[in-house]
Amino acid sequence: MTPAGTRKVAAYLGALAGLSLTLAACSSGTDPAAYPEDDIEVIVPFSAGGPTDTVTRMIAEPMSEDLGVQLVVQNIDGAGGTVGAGQAATADPDGYTVLMHHIGMSTAPALYDDLAYDPIADFKPVGLVTEVPMTIIASSDFEPETFEEFVTYVQENADTVTMAHAGEGSASNLCGLLLTDALGVEVTAVPYDGTGPAMAELVGGQVDFMCDQTTNTTGQITAGEVKAYAATTPERIEALPDLPTTTEAGQPDIQVSVWHGLYVPAETPDEVVTQLTDSLQAALTDQGVIDQMANLGTAPVSEEQATPEAHATLLEEQTATWADIIGASQGG
Ligand code: MLT
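Residues numbered from 1 in each chain as written. Predicted model: local features only at pLDDT ≥ 70, side-chain atom pairs only at ≥ 80, totals over all residues. Heavy atoms only, no water.

**Q** Explain the overall build of the chain here, please?
**A** Across its full length, the chain carries eleven helices and nine strands. For a compact globule of 332 residues, the expected C-alpha radius of gyration is about 20 Å, and the chain comes in at 22 Å, within 12% of that figure. Dimensions of the chain along its principal axes, counting C-alpha atoms only, are 85 × 45 × 30 Å. Here the chain holds 332 residues, and 52% of them are scored as buried. Long-range contacts, defined here as pairs at least 24 residues apart, represent 79% of the contacts in the chain between residues at least 6 apart. When the accessible surface of the chain is totalled, it reaches about 14200 Å², and 51% of it is carbon and sulfur. Here the chain holds 6 positive side-chain charges and 49 negative ones, and the gap between their average locations is 16 Å. (Helix = DSSP H or I, 4+ residues; strand = E, 2+ residues; numbered from the N terminus. Rg over C-alpha atoms; globule rule 2.2 N^0.38 Å. Buried < 20%, exposed > 50% of the residue type's maximum accessible area, 1.4 Å probe, protein only. Contact = heavy atoms within 4.5 Å. Areas by Shrake-Rupley, 256 points an atom, 1.4 Å probe, with all protein chains shown as cover. Lys, Arg positive; Asp, Glu negative; His and termini not counted. Charge placed at Lys NZ, Arg CZ, Asp CG, Glu CD.)

**Q** Before we go on, may I ask you to explain the state of the cysteines in this structure?
**A** Linking two cysteines covalently through their sulfur atoms gives a disulfide. Following the criterion strictly, the structure yields one disulfide and no others. Between the sulfur atoms of Cys175 and its disulfide partner Cys211 the distance amounts to 1.9 Å. Taking the torsion about the S-S bond as the criterion, the Cys175 to Cys211 disulfide, at about 65 degrees, is right-handed. Here Cys211 lies in strand S7 (residues 209-213) and Cys175 lies in helix H6 (residues 171-183), a separation of 36 residues in the sequence. Summarising the burial analysis for this pair, Cys175 and Cys211 share the class buried. (Disulfide = S-S within 2.5 Å.)

**Q** Please clarify how the domain arrangement of the chain should be interpreted in this entry.
**A** When the parts of a complex come together, some accessible area is lost, and that lost area is often used as the size of the interface. Split by domain assignment, the chain resolves into domain 1 (40-131 + 258-329) and domain 2 (133-231). Distance from the C-alpha centre of domain 1 to the C-alpha centre of domain 2: 25 Å. Listed as interface residues are 25 residues of domain 1 and, on the opposing side, 20 residues of domain 2. Of the roughly 1700 Å² buried where domain 1 meets domain 2, counting both sides, 62% is carbon and sulfur surface. Run the count over domain 1 and domain 2 and you get zero salt bridges. On the surface where domain 1 and domain 2 come into contact, there are six residue pairs in polar contact (both at pLDDT 80 or more). Looking at the side of domain 1 that touches domain 2, the elements that each hand over two or more residues are helix H2 (51-67), helix H4 (104-111) and strand S9 (257-265). Of the residues in the side of domain 1 that touches domain 2, the class split is ten nonpolar, 13 polar and two charged. (Domains from an automatic or database assignment. Buried area = accessible area lost by both parts, 1.4 Å probe. Salt bridge = Lys/Arg side-chain N within 4 Å of Asp/Glu carboxyl O. Polar contact = N/O pair within 3.5 Å; in protein donor to acceptor, adjacent residues only side chain to side chain. Nonpolar A, V, L, I, M, F, W, Y, C, P; charged D, E, K, R; others polar.)

**Q** Would you explain the site of the ligand in this entry?
**A** In the region of the ligand, the neighbouring residues are Phe46, Gly50, Pro51, Thr52, His102, Ala166, Ser170, Ala171, Ser172, Gly194, Thr195 and Gln213. A distance of 2.6 Å is found between an oxygen atom of the ligand and a side-chain nitrogen or oxygen belonging to His102. Separating an oxygen atom of the ligand from a side-chain N or O atom of Gln213 is a distance of 3.0 Å. In isolation the ligand has 270 Å² of accessible area, and contact with the protein removes 100% of it. If you list the elements that add at least two residues to the shell around the ligand, you get H2 and H6. Within the shell around the ligand, the residues separate by chemical class into four nonpolar, eight polar and no charged. Residues lining the shell around the ligand come from more than one domain, with at least three contributed by each of domain 1 (40-131 + 258-329) and domain 2 (133-231). (Near = heavy atom within 4 Å.)

**Q** I keep staring at the packing of aromatic side chains and nothing clicks. Help me out?
**A** Aromatic ring pairs are described here by two measures, namely the spacing of the ring centres and the angle between the planes. Tallied over the entire structure, the rule returns nine aromatic pairs. Judged by centre distance (5.0 Å) and plane angle (85 degrees), the ring pair of Phe150 and Phe209 falls under edge-to-face. Here Phe150 is found in helix H5 (residues 147-156), whereas its partner Phe209 is found in strand S7, with 59 residues between them in sequence. The exposure class assigned to Phe150 is buried, which follows from its relative accessible area of 0%. The structure contains a cluster of three or more aromatic residues connected by ring pairs, namely Phe142, Phe147, Phe150, Tyr153, Phe209 and Tyr229. (Phe/Tyr/Trp six-rings, centres within 6.5 Å; stacked < 30°, edge-to-face > 60°.)

**Q** I would appreciate a short explanation of the pairing of S9 in the present structure.
**A** Counting buried residues in S9 gives eight out of nine residues, a clear majority hidden from the surface. In terms of strand pairing, strand S3 (residues 97-102) meets S9 through four bridges, oriented antiparallel. Note on S9: the bridge partner recorded for His101 is Gly261. Pairing analysis gives nine bridges linking strand S4 (residues 123-139) to S9, with the strands arranged antiparallel. Across the sheet, residue Lys124 finds its bridge partner in S9, namely Val264. (Pairing = 2+ DSSP bridges.)

**Q** Sorry, what's going on with the packing of H2 against helix H10 (residues 287-295) here?
**A** The packing of two helices is summarised by the inter-axis angle and the distance between the axes. Put simply, H2 and H10 touch, their axes get as near as 9 Å, and they point 170 degrees apart. Judged by the inter-axis angle, H2 sits roughly antiparallel to H10. Contacts between H2 and H10 involve Val55, Met58, Ile59 and Pro62 from the former and Val289, Gln292 and Met293 from the latter. Partitioning the contact of H2 with H10 into residue classes produces six nonpolar, one polar and no charged. (Axes fitted to C-alpha atoms, helices over the stretch in contact; angles between N-to-C directions. Parallel < 35°, antiparallel > 145°, perpendicular 65-115°, else oblique.)

**Q** Can you walk me through the side chain of Thr130 in this structure?
**A** Within the secondary structure, Thr130 is located in strand S4. Judged by relative accessible area, which is 1%, Thr130 ranks as buried. There is a polar contact of 2.8 Å between the side chain of Thr130 and the side chain of Thr298. With residues near it in sequence (within four places) discarded, Thr130 still touches Val55, Val258, Trp259, His260, Met293, Thr298, Ala299, Pro300 and Val301.

And the structure:
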């Protein structure tokens, strides 16, 4: 082919690529080249003031500054996070609706027969954000003082004690199941739309105990507003150095941390996802975010983990793992 002919083919292919890009933009209603031009809604599928809300607001500020628009947090709670995730799944794929969710994204398919969305097919992962440790805490007037006393007390009083969680498939629910399975008991579970409101009733003594993320419990533990028995991590939490781990307390099976990630609807243009991933990665190196997370017992993930590829891999692995765990616990 003559050089002139090659140039014509290259020009034609370039035009075709541009056309497909424009068509993609038309289908999503977004011109990736101009994105973002308006505020971005970030759906948090749990109540305001809880750990998912807290982590979201930590990164929303630097991401808003980086993108030049406001990331506006919208709490759409209920059913262990599946109501909010379901609304995000059917939002316009224009980059103006983002979902923040956690390990519950991987547990929902095994727990909800009528789940309105497919966590893998209906979303594009943007990147992981943080993996938050959990703590076993109780109301300050709950009798046991140590984790060993807690185990004995709950085993002897299973029919009267109450455990808070944020709905089936929530992190607090999963940790609660690991805890009660390890203790060999069934207790009365009290569901909330998030562990923000659950914490208020725990501090008030209306519910006895729960397993919740350090991003919601560190302040209350440090202030002595609740009793803290153990951390569900292999090593002690730097922000809570006096809190023993479940392994130290002889219960190594009670181990869980809560990974969080950002998602957009599946048809969102890749160029838009890339801009959101780049902005997320910048936010995770922001010293203010690092310090806020450290004060609440957690840390940003690495740049390699804050990518769609790493996020997709973890989501697929965790969805399969929890399907096995939940299937086995249901006698499947
Ligand atoms: C919340 O933000 O309320 C929690 O993540 C709920 C949970 O998963 O336990």
